[in-house]
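If you want the building blocks of each chain, they are given just below.
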Amino acid sequence: PHVVGVDGTTIDKRFSDITIKLGLSGVVVRWIGVNDYIRVSVPFTYRDRMRGLCGTFDGNSTNDLHLRNGSEVTASSSKFSFETSENAYHLFGTSWTVPTASRLLIPRSDVCTDNTAPSNHPCEMTNSSLPAPSERWRQARSTCYDIMSTTGPYAVCHGVVDPNWYFESCVYDVCACGLNSNCACSSVVAYDQKCHSRGVTNIDSIVDNCGVCHGDGLSCRTGYAKCNVFSDSHSAATGNKHLYSTFDSLLHRFQGKCEYTLARDCNGSLFDIHIENDSPSSAAIHTAWTTGVAIRASGLGFVKVTHSATEPIVFLNGKRLGRPSNNRGMDGRSHITMSNIFQGQVEIFLASSDVKILSASM
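Predicted model only: the values in this text are computed from it and were never measured. (Residues numbered from 1 in each chain as written. Predicted model: local features only at pLDDT ≥ 70, side-chain atom pairs only at ≥ 80, totals over all residues. Heavy atoms only, no water.)

## Some words on the state of the cysteines
No. 1: For the structure on display, the rule yields 6 disulfides.
No. 2: Between the sulfur atoms of Cys112 and its disulfide mate Cys258 the distance is 1.9 Å. Note that Cys112 is positioned in the loop between helix H1 (82-95) and helix H2 (133-143) and Cys258 in the loop between strand S9 (251-253) and strand S10 (259-265), a separation of 146 residues in sequence.
No. 3: Here Cys112 falls in the partly exposed class, since its relative accessible area comes to 23%.
No. 4: Here Cys258 falls in the buried class, since its relative accessible area comes to 3%. (Disulfide = S-S within 2.5 Å. Helix = DSSP H or I, 4+ residues; strand = E, 2+ residues; numbered from the N terminus. Buried < 20%, exposed > 50% of the residue type's maximum accessible area, 1.4 Å probe, protein only.)

Structure, rendered in structure tokens:
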């Protein structure tokens, strides 16, 4: 079923998947599956206007770790340090904790505590569904070898930009993704960009003009940049992943358990996207997954999505959709009136233009 909301906002609910497209900004938020995968897509008109866990969206992945106060933290160093890297990601993530008074997902009376930064490398974590640690190390290093190869595409840059940190970061990401080779690309892109910024341009790059490794240069012609959140509730007991891939393709890890700003428009304040991360007491201490998404948008108010055991539950300005109700926008006049928003009649009134839309078959 397809639902039309105030100012052209649409909500599309299909089984356990939910897609929300904001009418004013064109931003699309999709939650795919139960607790597993979230994608935020923003038009390229928002370039240089984004902040949050999804990064800055300025074409440069090396400056994505901007704190809420505007300062920047870096996870890189001349010699790779796992602890330094994880502490940087933790500092970045916790800075985007939503202030209590601004929460949309967690009750203001609740107290949430961020996890400490993890101390175990993902290649070493116990996981019965993956090979032994020694084999994981071997496969991850093989997957990331393009960065370090003395005869590979980036050998010409080794004397200018030390590849070791990027290689070790790549190995971490591949292990954290369950040996998924796609997760290597973030570090390759970061090294590619750093080499170019230092004047090394004669690289036989494996990154296309869309920032995709071994791509065909066509994936970015949609006019949207994408930020992804990967979480897996089913593997929480073994301390598996909660990863963020920013608009500029930086892959970072953060296991905090609270409500956070995922992405927001830092210029016009047209939208603000929050996520709630949590884990049960039985899960590994450094594991979290997403349990809720909320979107505050100009003129609309806010949409909140949480998951029951089988399907997403959608709220508009605090009222659950799918039940007969009358929902007003923040201007007090725009409203959505529905007999059943996912199956029946929906009426939308836009106060700014005195337009009324009636849909009787969804």
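Read on, since the account is not over.
## A few points about the sheet that holds strand S15 (residues 319-320)
No. 1: The sheet built from 7 strands is open, its strands ordered S6-S10-S11-S12-S13-S14-S15 with antiparallel pairing. Of all strands in the sheet, those bounded by a partner on one side alone are strand S6 (50-51) and S15.
No. 2: As paired elements, strand S11 (residues 271-278) and strand S12 (residues 289-297) share 8 bridges and run antiparallel to each other. Bridge pairing links Asp272 to Arg296 in S12. (Pairing = 2+ DSSP bridges.)

## Quick notes on the packing of aromatic side chains
No. 1: One pass over the full model with this rule turns up 7 aromatic pairs.
No. 2: An angle of 55° between the planes, with centres 5.1 Å apart, marks the rings of Tyr166 and Tyr191 as tilted. Placement of the pair is Tyr166 in helix H4 (residues 164-176) and Tyr191 in helix H5 (residues 185-197), with a sequence separation of 25 residues. The burial state of Tyr166 is the same as that of Tyr191; both residues are buried.
No. 3: Measuring from centroid to centroid gives 5.0 Å for Phe254 and Tyr260, while their planes differ by 85°, and the two rings are edge-to-face.
No. 4: Taking the relative accessible area as the measure of exposure, Tyr260 reaches 0% and is therefore buried. (Phe/Tyr/Trp six-rings, centres within 6.5 Å; stacked < 30°, edge-to-face > 60°.)

## Observations regarding the confidence of the model for the protein
No. 1: For the protein, per-residue confidence averages 76 on the pLDDT scale, and 72% of positions sit at 70 or higher.
No. 2: Across residues 337-349, confidence stays below pLDDT 50; counting only partners more than four residues off in sequence or on other chains, it has 63 contacts.
No. 3: Every residue in residues 356-362 is under pLDDT 50, and counting partners more than four places away or in other chains gives 22 contacts. (pLDDT = per-residue confidence, 0-100. Contact = heavy atoms within 4.5 Å.)

## Let's talk about the environment of Phe271
No. 1: Along the chain, Phe271 falls in strand S11.
No. 2: Spatially, the C-alpha atom of Phe271 lies 9.7 Å from that of Gly301, the residues being 30 residues apart in sequence.
No. 3: Those residues in contact with Phe271 that lie beyond four places of it in its chain are Leu22, Ser25, Val27, Val42, Tyr46, Met50, Ala263, Arg264, Asp265, Arg296 and Ala297.

## Brief notes about the pairing of strand S2 (residues 10-14)
No. 1: Within S2, 4 of the 5 residues are buried, leaving the element largely enclosed by the surrounding structure.
No. 2: Relative to strand S3 (residues 17-21), S2 is paired through 5 bridges, and the arrangement is antiparallel. Each bridged residue has a counterpart across the sheet, and for Thr10 the counterpart in S3 is Lys21.

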